[in-house]
Structures are given as C-alpha cells and as structure tokens.
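The lines below spell out each chain.
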Amino acid sequence: MVLCTRLLALLPAALAVLHDGSTPVPNVEAPLNDPATMIGIKLTDALTQDDAKCLDGTPGFYYFRAGTGDGADKWYIHQEGGGWCESLDDCLARSKGNLGSSSAYTSTVSMDTGYFSLDPAINPLMYNWNSVFFKYCDGNSFSGSNSSTTIVSGSTLHWRGKHILNGGISDMLAHRGLDKATDVVVSGCSAGGLATFLHCDHWADRIKAEGSASANVVCMPDSGMFLDHEGPPKYHSGMTWAFWQQNSSSGVNDACIATEQPVSNCMFAEHTMKHIRTPTFPLQSEFDSWQTVAMALADMHCLTWHWLTWS
C-alpha cells in the first residue's frame, strides 16, 4: 500500500507537465542560408475566404522546405502535436500561447533532426523530400468546424481547425507543388498523430482528386493512439467536450461518422482507425509514457496493490 500511495502521489506533478507528451519545436528564427531552414507560410487566403483561424483568430500557419534531386516530387507532411484544450478556460489559456495563436511564430525555423534530417544516413528515405511542418493552433487536432465564436473573459475564441487544415492543403496544392506529388507520407506526433488518424483519408482524397490520381499516399501516425479512456486527465470526457464544442463531426473521418454511435467516438483513434482506407503505418511505443503515467497507473486505485499491504 505504501508503494501504491507513493506512485499515486506522483500523478499531480506528472499531469501538470504532460499534456500529450510532445516536445515543442523551438520558435527561433533561422538564417536563410541554412540548408535546414524552412519558410513560414501564413494562411491568409484561408482566413479571408474560409474563416480559417487559430483559437485567438490569427491565421493558420505551416513551415515548408522544398525537395531536391529525386525528392523534388516527394513529400513528408508533419502535423504538430501539443495536446488539446478540453474546457473554455483551458482553451482561453491556450489561445495566449503558440498552441493557440500564430502571432508569435517566426518567419523561418531550422529543422534537421528525425523525420526532417537532411542526412541520408539518418533519414535515408526522406532526407531530400519536400518537408512540411504544419503548426497546431486550434486545440482539437485540426478538426473544428464551428461557425460560432465563444467569448470567454472578454476574449473571442474560434473553433476552425478543419478549415486551417483545408487551407494548408489548398495552399500546398496551388503554390508548393503538392499537385505534382508522386509519393506522400502524412504524419504527425502525439496530438498530431491523432490528427493523422482522423484526417488520413481526407489528405489522400484531396491529393488524388486535385493533384495526381496516381500519387502514392500513406499515413504514419506517430504516438497518436490515445486510448478511449477516462483516467485522471478525464481524457474521454474532455475529448468528447472538445468534439461537440468545436463541432468536429464534419472535421473527422466521414465513414466513421456514418457508422459509429455516439458519433463523438470518431474523435478517438481506436474507433476511427477501422474506417481508414488509406495505407496506414502507426508507430506506437508499447510503454507510452503519457498513457502509462496518466491513465494506467492512476486506474489502479490501489486495488491491485493489496498484496503490498505488508509493506
């Protein structure tokens, strides 16, 4: 029982620092002569034409680096993670920072690690591909489509993540060469991994319909399988609240919405994944750090630790 008590005592601190386990990319300006530099694209057309806005009303945003050589028509697209906002106060707080506003995004950023590495020894498949880092500022994995706004403590909040997503896809197709893509990997980590589950078919359908019908599109959600489970973070109820608040029914997988009950199940990867048509290759740790601490550990409620009462 002592061990159980000590483990559960760790939860408040753990949950305070764990939102979805993702690590933000440094918001630091990069020199244009750096080969790893990505150029920021502000989605102003989507803002004016489709009301595509971050939580605070600023435009959506992504970083882009053009491919070279035999990677000129191949694409790696990464949707940023960073948790979700699951109450009005939570969304208000989020709107004041980089996960809810594009106001402080730098015009360039240097990305030369992991999937964005330019070193073929580290990133042999995609080192010279077109690279996109899609910034996350809507609070619900690019799914919201609520035409109404909500005023909280004098600030107006917007719920338009799906429209940011569509604005980014449109800009890439019209201006960056995505319409000529032969190979595309759509990915994202953590909340961005969930976004990959939710929008995989949407990416593939638009690329094939508005670009090359023969494009090879696959999805690779990284650490996006968050179990439909309540736990101390109140994940199930929080995500269900976000689904309805942001009117996400038109911003997630259509086939899931058509068959799942309740339709808010479609906000969760485990319910959505069985409806995905596009080839999908999930990456998920067997011992996911966020879920181990935030969900599994707390669910013990000391009941499974009776054998430790001797201590």
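Provided above is the structure to which this section pertains.
About the criteria used
Along each chain, numbering runs from 1 in the same order as the chain's sequence is written. Selection of residues for local features in this predicted model requires a pLDDT of at least 70, selection of side-chain atom pairs for listing and counting requires 80 or more, and totals for whole chains, interfaces and linings are taken over all residues. The basis for the side-chain values is all heavy atoms of the structure; hydrogens and waters are excluded. Pairs of cysteine sulfur atoms within 2.5 Å are identified as disulfides in what follows. Classification of residues uses two cut-offs on accessible area relative to the type maximum, computed with a 1.4 Å probe and protein chains only: under 20% is buried, over 50% is exposed, and between them is partly exposed. By the criteria applied, helices consist of DSSP H or I runs no shorter than four residues and strands consist of E runs no shorter than two, each listed in order from the N terminus. Throughout this description, the term salt bridge denotes a Lys or Arg side-chain nitrogen within 4 Å of a carboxyl oxygen of Asp or Glu. Note on aromatic pairs: the rings of Phe, Tyr and Trp (six-membered ring only in Trp) are paired at centre separations within 6.5 Å, and the planes decide the class, stacked below 30 degrees, edge-to-face beyond 60, tilted for the rest. Within 3.5 Å is the distance limit for a polar contact, defined as a pair of N or O atoms, with the added protein rule that one can donate a hydrogen and the other accept it, and that residues adjacent in sequence qualify only through two side-chain atoms. Every residue pair with non-hydrogen atoms within 4.5 Å of one another is taken to be in contact. DSSP bridges decide pairing: two strands pair if at least two such bridges lie between them. To form a nonpolar core, buried Ala, Val, Leu, Ile, Met, Phe, Trp, Tyr and Cys residues must be joined to one another through side-chain atoms within 4.5 Å.

**Thoughts on the state of the cysteines**
The full count for this structure, using the stated rule, is 4 disulfides. With its sulfur 2.1 Å from that of its partner, Cys85 forms a disulfide with Cys91. Across the S-S bond of Cys85 and Cys91 the torsion is about 90 degrees, and the bridge reads as right-handed. You can call Cys85 buried: its relative accessible area is 0%. Across a sulfur-sulfur distance of 2.1 Å, Cys256 and Cys266 are joined as a disulfide pair. Measuring the twist about the S-S bond at about -95 degrees, one finds the Cys256-Cys266 disulfide to be left-handed. You can see Cys256 sitting in helix H8 (residues 254–259) and its partner Cys266 sitting in the loop between H8 and helix H9 (269–272), a full 10 residues away along the chain. Judged on exposure class, the residue Cys256 and its partner Cys266 are both buried.

**What to know about the pattern of salt bridges**
A side chain of one charge can pair with a side chain of the opposite charge if their charged atoms are brought near each other. Under the criterion given, the structure shown has 9 salt bridges. Where Asp51 meets Arg160, a salt bridge forms, and the shortest distance between an N and an O atom there is 3.8 Å. Note that Asp51 is positioned in the loop between helix H3 (44–50) and strand E2 (61–65) and Arg160 in the loop between strand E7 (155–159) and helix H5 (161–176), a separation of 109 residues in sequence. Its relative accessible area of 26% is what places Asp51 among the partly exposed residues. Judged by its relative accessible area of 8%, Arg160 falls in the buried class. For Arg277, the salt bridge goes to Asp201, with nearest N and O atoms at 3.9 Å. Note that Arg277 is positioned in the loop between H9 and helix H10 (289–299) and Asp201 in helix H6 (residues 191–210), a separation of 76 residues in sequence.

**Some points on unusual backbone geometry**
For residues that are not glycine, phi is negative in most cases, and the peptide bond is trans in most cases. Cis peptide bonds are those with omega within 30 degrees of zero, and the linkage from Gln261 to Pro262 qualifies with -5 degrees. In this fold, Pro262 is placed in the loop between H8 and H9. Notably, Ser190 is not glycine yet its phi reads approximately 65 degrees, a positive angle. Assignment of secondary structure puts Ser190 in the loop between strand E8 (183–189) and H6.

**Topic: the packing of aromatic side chains**
Per the stated rule, a full pass over the model turns up 15 aromatic pairs. Relative to Phe133, the ring of Phe116 has its centre 5.9 Å away and its plane inclined at 70 degrees; by these criteria the two rings are edge-to-face. Pair noted here: Phe116 is in the loop between strand E4 (108–110) and strand E5 (130–134) and Phe133 is in strand E5, with a separation of 17 residues, a long-range link. Classification of Phe116 by relative accessible area gives buried; the value is 6%. When the centroid spacing of 5.9 Å and the interplanar angle of 35 degrees are considered together, the rings of Phe226 and Tyr235 count as tilted. When sorted by exposure, Phe226 lands in the same class as Tyr235, which is buried. Three or more aromatic residues joined by ring pairs form one cluster here, namely Tyr62, Phe134, Tyr136, Phe142 and Trp203.

**Here's the deal with the side chain of Thr106**
With respect to the helices, strands and loops of the structure, Thr106 is situated in the loop between helix H4 (88–94) and E4. A polar contact is formed between the side chain of Thr106 and the backbone oxygen of Thr108, at a distance of 2.6 Å. The contact partners of Thr106, leaving out residues within four places of it in the chain, are Asn27, Val28, Glu29, Phe61 and Tyr63.

**Remarks on the pairing of strand E3 (residues 74–79)**
The buried fraction of E3 amounts to 5 of the 6 residues, a majority that puts the element mostly inside the structure. Note: E3 against E8, 6 bridges, orientation parallel. The residue bridging Trp75 from the neighbouring strand is Val184, located in E8. As paired strands, E3 and E5 are joined by 5 bridges and run parallel to one another. Across the sheet, Gln79 pairs through a bridge with Phe134, a residue of E5.

**Digging into the nonpolar core**
Core analysis: the biggest nonpolar cluster contains 64 residues, and Trp75, Phe134, Met172, Leu178, Val184 and Trp203 have the highest contact counts within it. A total of 9 residues in this core trace back to one element, the largest contributor, which is H6. Contact partners of Leu178, with chain neighbours within four places excluded, come to Trp75, Ile77, Ile169, Met172, Leu173, Val184 and Ile207. Judged by nonpolar contacts, the second largest core, of 7 residues, contains Leu55, Cys91, Val152 and Trp159.

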